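# Per-entry structural report
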Amino acid sequence: MVQAAKQELYLLNWEIANLTQKLISFSEMYSAVDLKTVEYLEKMIKTTDRFLTQKTLVPVGEWDAGDKAIFEGYTFSRSINCKMCDRSIKITKPGLLKHLAEHDIKVENTPKVKTPAKEPVTKSESKGPVKRKEPVQNKPRLHNEKPCLEVGCLPTIKEPVSNKMKKFLTNKSPQDQLKATTERKQEQVNSPVHAAIAADLEKILAYKFPNVKAHPFGSRVTGLGNDTSDVDIYLDLDGNQEGNLSKDTIQRYSNQVQALLQASGHWSEFKPILNARTPILRTWNLQQKLDCDLSFSNGLSMCNTELIQYFFEIQPVCSAVTLYVKEWARYLNIEALNGYTVTLLTIFFFQAHKLLPSVYQLQTNNSEEHKVRRISHWRVDFERKSLEQLKIVPIPEAQIELYLGGFFAFYGEAFKFETNMVCPFLGTPQLKIHFDPLGTRIPAQMKALREYYATLNMNEAHPVNELLQYAKPMVVQDPFELNHNVAKGLMPINVSKFRKLCAETGPLLQSAAAKGQPEA
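This write-up is about the structure you can find in this document. None of these values were measured; they are calculated from a predicted model. (Residues numbered from 1 in each chain as written. Predicted model: local features only at pLDDT ≥ 70, side-chain atom pairs only at ≥ 80, totals over all residues. Heavy atoms only, no water.)

## Let's talk about unusual backbone geometry
Going by this rule: The helix count covers DSSP runs of H or I at least four residues long, the strand count covers runs of E at least two residues long, and both are numbered beginning at the N terminus.
One non-glycine residue, glutamate 269, adopts positive backbone phi at about 55°. Mapped onto the elements, glutamate 269 comes out in strand E5 (residues 267-273).

## Thoughts on a nonpolar patch on the surface
Going by this rule: Each patch is built from residues that are more than 30% exposed by relative accessible area and take part in no salt bridge. Like charges join if they lie within 9 Å; nonpolar side chains (Val, Leu, Ile, Met, Phe, Trp, Tyr) join within 5 Å. A 1.4 Å probe and the Shrake-Rupley method give the accessible areas. Residues count as covered only by the protein chains that appear here. Salt bridge, as applied in this entry: a Lys or Arg side-chain nitrogen positioned within 4 Å of an Asp or Glu carboxyl oxygen.
A surface patch of nonpolar side chains, about 360 Å² in accessible area, is lined by Leu12, Ile16, Phe51 and Leu52. Taken together, the elements giving at least two residues each to the nonpolar patch come down to helix H1 (6-29) and helix H2 (35-54). Within the fold, leucine 12 resides in helix H1.

## Topic: the packing of aromatic side chains
This is how the line gets drawn: Here a pair means two rings of Phe, Tyr or Trp (six-membered ring of Trp) with centres within 6.5 Å. Their orientation is stacked below 30 degrees between planes, edge-to-face above 60, and tilted elsewhere. Only protein chains enter the accessibility calculation, which uses a 1.4 Å probe. A residue is then buried if its area is under 20% of the maximum for its type, exposed if over 50%, and partly exposed in between.
Scanning the entire structure with this criterion turns up 26 aromatic pairs. Judged by centre distance (5.6 Å) and plane angle (45°), the ring pair of tyrosine 310 and phenylalanine 311 falls under tilted. The same class applies to tyrosine 310 as to phenylalanine 311, namely buried. Ring centres of phenylalanine 407 and phenylalanine 408 lie 5.3 Å apart, and the angle between their planes is 85°; this geometry places the pair in the edge-to-face category. These aromatic residues form a ring-pair network of at least three members: Trp328, Phe348, Phe349, Phe350, Tyr403, Phe407, Phe408, Phe410, Tyr411, Phe415, Phe417 and Phe498.

## What to know about the pattern of salt bridges
Applying the stated rule across the entire model yields 8 salt bridges. Through salt bridges with shared partners, a single ionic network connects Lys46, Glu269 and Asp291.

## Quick notes on the nonpolar core
The condition is simple: Residues belong to a common nonpolar core when they are buried Ala, Val, Leu, Ile, Met, Phe, Trp, Tyr or Cys residues joined through side-chain atoms within 4.5 Å. Residue contacts follow a heavy-atom distance rule, with two residues in contact if any of their heavy atoms lie within 4.5 Å.
Core analysis: the largest hydrophobic core is formed by 87 residues, its most contacted members being Trp328, Phe350, Tyr411 and Phe498. With 9 residues, the top contributor of residues to this core is helix H11 (residues 316-329). Ignoring any residue separated from it by four or fewer positions in sequence, one finds phenylalanine 498 in contact with Trp328, Leu332, Ile334, Leu337, Leu345, Tyr411, Phe417 and Met474. Core analysis: the second largest hydrophobic core is formed by 27 residues, Ile197, Leu201, Ile250 and Phe270 among them.

Here is the structure:
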């Protein structure tokens, strides 16, 4: 048997040992973690398991004194690279907090700077009893301590277009790229996989829930996913699409569904994530070999999928541009810029140019047969009007590249992320400042949001789960759930990077398109 190269083992052992050392450092530093950290840890565990199952053991021979000296010569830097500026930062809590402050990120419970102790005051020196200060009634934490509401609040960056992105933009003409992504979309939309998974779930769960309905939704259903995308499925176990479920009910449903699926032998690797905004049970389908996210709480996500499908059906060019932009966004390496945000950004671009209707337009002046439908506080119905009824001109497929370039010009130069928010509900840019929950300037058309805020005690309202995060660097309002900013996780440096690379992509696209044209 061939022996493994010692040089490769040195590097592999050092990398694993260094990663372990950093993980130990963090475990000693923090007493609690958030769901995002748990998600990364789960991904690391799954990757490690896959790595071990794919490798075979080979003898390395005896480690002599020289080998040991070389290996021990590696020193652990006890540092981490910042994802925003790529600087190396020492793994100490004060050091990390200090560096985060440089990026205008405030962290709660930061250590206070010690001040010299004052000399004790004797009774004879004191002029009277010390009065205790009355507790200050703080206003609710509606946004970051440093809100993004003024022009110039976003940092200036000099990050160039990466070589990988240049290759993506110039290797094929935009028309060829669009054709390839559109073909992939058709394969995904017409795939029998979603129906097979839904049918399997309904068959297994019918034992306990006779009226169960499994509804696939999300990027795979709209054709915006890829071969490795999760399959999102809403499980309507008892006809509860019209309202939210309590935490106890969701916990009970999750336990019951997991037990039934586990007993069937068709599902494995169950991971309940029940404290998220949308609680899910993540699991692995053994037959289709796909990750599936099962949700129980309400059908809002399913309604969002139906709306996106409708927009894509009446204006197919919007679908093609969305597919291209999603592929482009992969090269930005911005973790918090998810596919749903990219989709809404693209739809809004077409709305702002009067090429798609607003949601408000689809919910007003409806026919008599149209029924109003609500889920929780939000109206989710819309009339499926044609472009002719809406008096909107259809875009010829030959003009796809024109509108693709228009998308990058719009978000790279025209749209003011500092002061404006993306609002698919109204289809036009809205001033962020008008959406202060304590103010009175929320547009009258957003009756549902006004009424919802009227039911809240603003001193007790949860700043993330109940109030629109209107002062974030990028605000992209959900088209139905009007108190949800789907881009709230993006940092100022991320938004600046997105805008700058949008501005630089347009000229590269024009160059690629010119090269792809046949010679006269």
